[in-house]
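Observations on the model geometry
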Amino acid sequence: MLFNSYIFIFAFLPVTFFVYFYLNKKRLTEAAKGFLVFSSLFFYSWWNIIYLPLILVSMLFNYVVGKQLTKVMPDQNHYLKKSLLIIGIISNLALLGYFKYADFFITNFNRVVDSNIPLLHLALPLAISFFTFQQIAYLVDSYRGQTHEYDFLNYAVFVAFFPQLIAGPIVHHAEMMPQFANLRNKVKNYRHIALGLFVFSIGLFKKVVIADTFAVWATNGFDVAERLNLIEAWITSLSYTFQLYFDFSGYTDMAIGAALLFNIKLPINFSSPYKATSIQDFWRRWHITLSRFLKGYVYIPLGGNRHGEIRTYSNLFATFLLGGIWHGAGWTFVFWGALHGLALVIHRAWHKLGFRMYTFIAWFITFNFINASWVFFRAKEFEDAIKVLKGMSGMTGINLPYGLSTKLSFLTQYGVDFGNFIVETGGDTYTFIWLIAGMVFVLAFKNSVELANSFKVSYKTMLFSGILFSVGVLSMNKVSEFLYFNF
């Protein structure tokens, strides 16, 4: 079930909201908690019920292991505790690896040894990456003595709470459980309801109005066109850059808004990432909870920056290489992760040498690097990425609008053609208006978190929310995809 669906907005969400608070009002708090877990599992199963046992077994296994980790004192049996943690992590990674990477490894094994092992053709269970990472973090926190949870129902709410289940943010046990336990959060809070609807409406508009508009041009450029000229290639890459931004941040806003209805504050996951003036700044703003996970549970355990510069560079590179692999089972994702790891190494070396640059130049380089690297993130094959990048560099020709042919006819001697300059993307003159508007939105406007921080209940904000929500709902009658759905 997607947030941008009629069934979620007009049936699932209101029914869950009213029943949950009704049970709490009757002081049936355990029943309310149980109903929230049941509703979240129903939400999860809507797509395919066949994977319901998978998440249930995963939750039960990690709950038992985490509980045992909290019981074993470090001075009692250090090796037992560490072995238990390793078994827990390996089991989680094995589950993720089987469903997400089995066919990828078989394909590459067949290529290397020229064998013909049949593929498994496994469908990726919904949200497996997110609930696996979340539970690995739980196990590590339990090993460190940072969790104090002995109730399975509470643990099930922490893992399965529907607003953050499908696409994060990746939450920590310590930041969620106190909120679920707080008795004041079991009473309807009308300010939270108003704020939640406000943020949800912004997210819905971002997703179904803006992201889905850019999706058409990005899909045509990447998946349909056989060749792209200079302008078409830039339209393609920028369309995907903005589609991904509004798609993921829109969905995150909807998650934050839906959680607020239940008086739960999810962590911030986006903070205007395209305003970043360095690659390090970008990763402090984009998918913040993933960066937090990679830093806390990969980079620092590898040694972080505690063992000299060379080791720091290798740890940075390895962390983002793993981040790339996590995003998808394909060499284009691996290459994308390697590009970002390399960029972070260069950024660190640049600063260690004491070099600096003007803010605008730093932003320009950062944005264009991100835009170009998203090409590998989006492309299904390297050939698709090369097609777009060749077009962006002008290697496959330059076409300008036919209306310029009179004034710029001298350019024909340099290979410039006129006419059919955006036909392969399926765009029109409004495409440029959308691209400019997209750039203005991400650079000049406050983000949803900043808007939420200054939110006041008023007729003005109610009208604003109502317009965004109405336009969003009216735009849901077309085919829509969620880019992070399969991650």
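Given the structure is predicted, the values throughout are model-derived calculations rather than measurements.

Let us now look at the nonpolar core. The biggest cluster of nonpolar side chains holds 139 residues, and the ones touching the most others in it are F8, F262, Y274, W286 and W374. When residues in this core are grouped by element, the largest group, 17 residues, is from helix α10 (residues 230–261). The contact partners of W374, leaving out residues within four places of it in the chain, are Y240, T241, L244, Y274, F282, W286 and W336.

Take the confidence of the model for the protein chain next. Here the protein chain averages 88 in pLDDT, while 96% of its residues score no lower than 70. Put simply, strand β2 (residues 416–418) is where the protein chain has its lowest mean pLDDT, 77, and helix α15 (residues 359–378) is where it has its highest, 95.

Helix length check: helix α5 (residues 128–143), at 16 residues, gives a terminal C-alpha distance of 22 Å against a target of 22 Å (1.5 Å per residue), a fit within 8%. Of all the 16 residues making up α5, 15 are buried; the element is thus mostly covered by neighbouring parts of the structure. Once α5 ends, the next one or two residues include G145, with phi positive near 75°.

For the structure on display, the rule yields 10 salt bridges. A salt bridge links D247 to K207; the shortest N-O distance between them is 3.2 Å. Taken together, the residues span a long stretch of sequence, with D247 in helix α10 and K207 in helix α9 (residues 190–224) at a distance of 40 residues. On the basis of relative accessibility, which here comes to 0%, the residue K207 falls in the buried class. One salt bridge in this structure joins E309 and K352, with 3.9 Å as the shortest N-O distance.

Under the counting rule described, the total for this entry stands at 71 aromatic pairs. On the numbers, 5.3 Å between centres and 85° between planes, the contact of F161 with F180 is edge-to-face. Highlighted residues: F161 in the loop between α6 (152–160) and α7 (162–165) and F180 in helix α8 (residues 173–181), separated in sequence by 19 residues. The burial state of F161 is the same as that of F180; both residues are buried. Directly above the ring of Y143 sits K81, whose terminal nitrogen or CZ lies 5.6 Å from the centroid. For K100, the ring lying beneath its charged end belongs to W326, and the centroid distance is 5.2 Å.

Following the criterion strictly, the structure yields 3 cavities of 30 Å³ or more and no others. One number sums up the size of the largest cavity: a volume of about 90 Å³. Around the largest cavity, the lining is made up of 14 residues, and of these K206, S249, D253, F270 and S448 lie nearest the centre. Secondary structure elements with two or more residues in the lining of the largest cavity: α10 and α18 (448–453). If you tally residues by element for the lining of the largest cavity, the top one is α10, at 5 residues. Its residues assigned to classes, the lining of the largest cavity shows 6 nonpolar, 6 polar and 2 charged. For the second largest cavity, the calculated volume is near 50 Å³. If you trace the second largest cavity, you find it lined by Y20, T29, K33, L36, V157, F180 and K186. Among the elements that line the lining of the second largest cavity, the one with the most residues is helix α2 (residues 29–45), at 3 residues. Of the residues in the lining of the second largest cavity, the class split is 4 nonpolar, 1 polar and 2 charged.

What counts and what doesn't
- Each chain has its residues counted from 1, following the order in which its sequence is written.
- Local features in a predicted model are, by the rule used here, given only for residues with pLDDT of at least 70; side-chain atom pairs are given and counted only at 80 or more, and totals for whole chains, interfaces and linings are based on all residues.
- Hydrogen atoms and water are omitted, and side-chain values are computed over all heavy atoms in the structure.
- As used in this record, nonpolar core signifies buried Ala, Val, Leu, Ile, Met, Phe, Trp, Tyr and Cys residues forming a set joined through side-chain atoms within 4.5 Å.
- Working definition: with a 1.4 Å probe on protein chains only, accessible area under 20% of the residue-type maximum means buried, over 50% means exposed, and in between means partly exposed.
- A run of H or I in DSSP counts as a helix once it spans at least four residues, and a run of E counts as a strand once it spans at least two, with each numbered from the N terminus.
- The criterion used for residue contact is that any of the two residues' heavy atoms lie within 4.5 Å.
- pLDDT is defined as a per-residue confidence score from the predictor, taking values between 0 and 100.
- The span one expects for a helix is its residue count, reduced by one, times 1.5 Å.
- Any Lys or Arg side-chain nitrogen located within 4 Å of an Asp or Glu carboxyl oxygen qualifies as a salt bridge.
- Put simply, two rings from Phe, Tyr or Trp (the six-membered ring, in Trp's case) pair if the centres are within 6.5 Å, and we call them stacked under 30 degrees between planes, edge-to-face over 60, tilted for the rest.
- The rule for a charge over a ring is simple: NZ of Lys or CZ of Arg within 6 Å of the ring centre, and within 35 degrees of the ring normal.
- Cavity means a closed set of points on a 1 Å grid over the protein atoms alone, one where a 1.4 Å probe fits but cannot get out, pocket means an open set with protein on both sides within 12 Å along at least 5 of 7 lines, and lining means a residue has an atom within 4 Å of a point.
- Grid points are joined across faces, edges and corners, and a volume is the space filled by probe spheres set on the points.
- We call Asp, Glu, Lys and Arg charged. Ala, Val, Leu, Ile, Met, Phe, Trp, Tyr, Cys and Pro are nonpolar, and the rest, Gly among them, are polar.

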